[in-house]
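Here is how the chains run, residue by residue.
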Amino acid sequence: MRFRAKIVDLACLNHFSRIINTIAKLAKTCILRLTVCKLYFILSDKVANGGASMWCELSQGNFFDEFQMEGVAAEHNEIYLELVPENLSRALKTAQNAKAVKIKLTNKHCPCLSVAVELPSLSSSSRIVTHDIPVGVIPRRMWNDFKEPSVPDFDVSIYLPALKTMKSVVERMKNLSNFIVIEANLSGEMNLKIETDLVSVTTHFKDLGNPPWASEDGCESNSQGRDLESMAEACIDIKKLQQLLAGQQVNPTKALCNIVRKRIVHFILLHEEVSLQYFIPAVA
């Protein structure tokens, strides 16, 4: 089992670093899955237990100048590692104007991801700072626990308003309640609501637009014959939503959310070569 990769391009390095920062805000520990073409960061708190889950997918070719890996076996050419993303985020912070960053799977008393940061120096020799991040190797028999979460058959799918706007609304509401209701319809309207014994606050967004899912996969029957004005809603933990919005550094070109009535809210943030999905289960 071998893995080594190198980033030379500074813009790619900074972009990669921002993505890791976002992930570190969403997950204390996560699974890093390495394949020949892609990297995946996976958090699978069992949604049934009220935990949020995350699936972030990156094409390695858009970030790395070199990328070599050999998985556990020829027919299972993948590697699954458990790590603390905050440690990786910290290591990359030291690389903001690095000449190159090399990441390698090593074994120093325990399996580690070694991040070697080559810093520019005044003399001809370069300075290299190495961070060893301990990782756990996930055995093959447990890989099934980290499959891509299936997108639930949602009642409404809608584009999100500007995330900065949404973040400031949620920050203010967070002081009033632990829970927030997200509701939306097929006419591009979305409301964020909190209701307590003392106060009821609603923020309305309109003209957001609904993604053209139905026409893509031919299952139009789902939204046909539906009342476009009727709202689908789910009540979720406001802290989990705030975490997603506060840690947001992917700067998505598209952000949308799917609501399964009273069951789950599924967020998708897309940016050229990165997709981040985040699932927050509803509270009863």
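What counts, and where the lines are drawn
Within each chain, residues carry numbers counting from 1 in the order of the written sequence. Two thresholds apply to this predicted model, a pLDDT of at least 70 for residue-level local features and 80 or more for giving and counting side-chain atom pairs, whereas whole-chain, interface and lining totals are computed over all residues. Side-chain figures throughout are based on the complete set of non-hydrogen atoms in the structure, without hydrogens or water. In summary, the pairing rule links any two rings of Phe, Tyr or Trp, Trp by its six-membered ring, whose centres are within 6.5 Å, and it sorts them by plane angle into stacked for under 30 degrees, edge-to-face for over 60 and tilted for everything else. Each ring is checked for a lysine NZ or an arginine CZ that lies within 6 Å of its centre and within 35 degrees of its normal; such an atom marks a charge sitting over the ring. Segments assigned H or I by DSSP are reported as helices when at least four residues long, segments assigned E as strands when at least two residues long, and all are numbered from the N terminus. Multiplying 1.5 Å by the helix residue count minus one yields the expected span of that helix. Relative accessibility thresholds used throughout: buried, under 20% of the residue-type maximum; exposed, over 50%; partly exposed, between the two (1.4 Å probe, protein chains only). Here a polar contact is taken to be a pair of N or O atoms separated by no more than 3.5 Å, where protein atoms must pair a possible hydrogen donor with a possible acceptor and residues adjacent in sequence count only if both atoms sit in side chains. Two strands are counted as paired when DSSP detects at least two bridges linking them. By convention in these notes, a salt bridge is any Lys or Arg side-chain nitrogen within 4 Å of a carboxyl oxygen on Asp or Glu. As used here, the arc is the angular range of directions from the helix axis to the C-beta atoms. Note on contacts: a residue pair qualifies if any of its non-hydrogen atoms lie within 4.5 Å across the two residues.

The tally for this structure, following the rule as stated, stands at 7 aromatic pairs. What links up through ring pairs into an aromatic cluster is the set Phe3, Phe16, Phe63, Phe64 and Phe67. Directly above the ring of Tyr40 sits Arg33, whose terminal nitrogen or CZ lies 4.3 Å from the centroid.

Turning our attention to helix H1 (residues 10-26). Helix length check: H1, at 17 residues, gives a terminal C-alpha distance of 25 Å against a target of 24 Å (1.5 Å per residue), a fit within 8%. Residues of H1 that are buried: Leu13, His15, Phe16, Ser17, Ile19, Ile20, Asn21, Thr22, Ile23, Ala24 and Leu26. The N-cap residue of H1 is Asp9: its side-chain oxygen and the backbone nitrogen of Ala11 are 3.1 Å apart.

Another point: the pairing of strand S6 (residues 79-83). Burial of S6 is extensive: 4 of the 5 residues sit out of reach of the surface. In the sheet, strand S2 (residues 30-34) pairs with S6 via 5 bridges, with the strands oriented antiparallel. Looking at the pairing, Arg33 lines up with Tyr80 of S6. Of the strand pairs in this sheet, S6 and strand S10 (residues 136-137) are connected by 2 bridges, and their pairing is antiparallel.

Before going further, it helps to spend a moment on the pattern of salt bridges. Between side chains of opposite charge, pairing is possible as soon as their charged atoms come close. Applying the stated criterion across every chain yields a total of 11 salt bridges. Across the salt bridge formed by Lys262 and Glu233, the nearest N and O atoms sit 3.8 Å from each other. In this pair, Lys262 sits in the loop between strand S16 (254-260) and strand S17 (264-271) while Glu233 sits in strand S15 (residues 232-237), placing the two residues 29 residues apart along the sequence. Using a relative accessible area of 61% as the deciding quantity, one classes Lys262 as exposed. Each member of the salt-bridge network shares a partner with another, and the members are Glu183, Lys193, Glu233 and Lys262.

Between its first and last C-alpha, helix H3 (residues 163-174) extends 16 Å over 12 residues, near the 16 Å set by a 1.5 Å rise per residue. Taken as a whole, H3 has its buried residues at Leu163, Met166, Val169, Val170 and Met173. End-on, the buried residues of H3 take up no more than an arc of 125 degrees, which puts them together on one face. Exposed residues on H3 whose side chains face more than 90 degrees from its buried face are Lys164 and Arg172. The inward-facing, buried residues of H3 abut strand S12 (179-184), strand S13 (190-195), strand S14 (200-205), helix H5 (238-246), S16 and S17.

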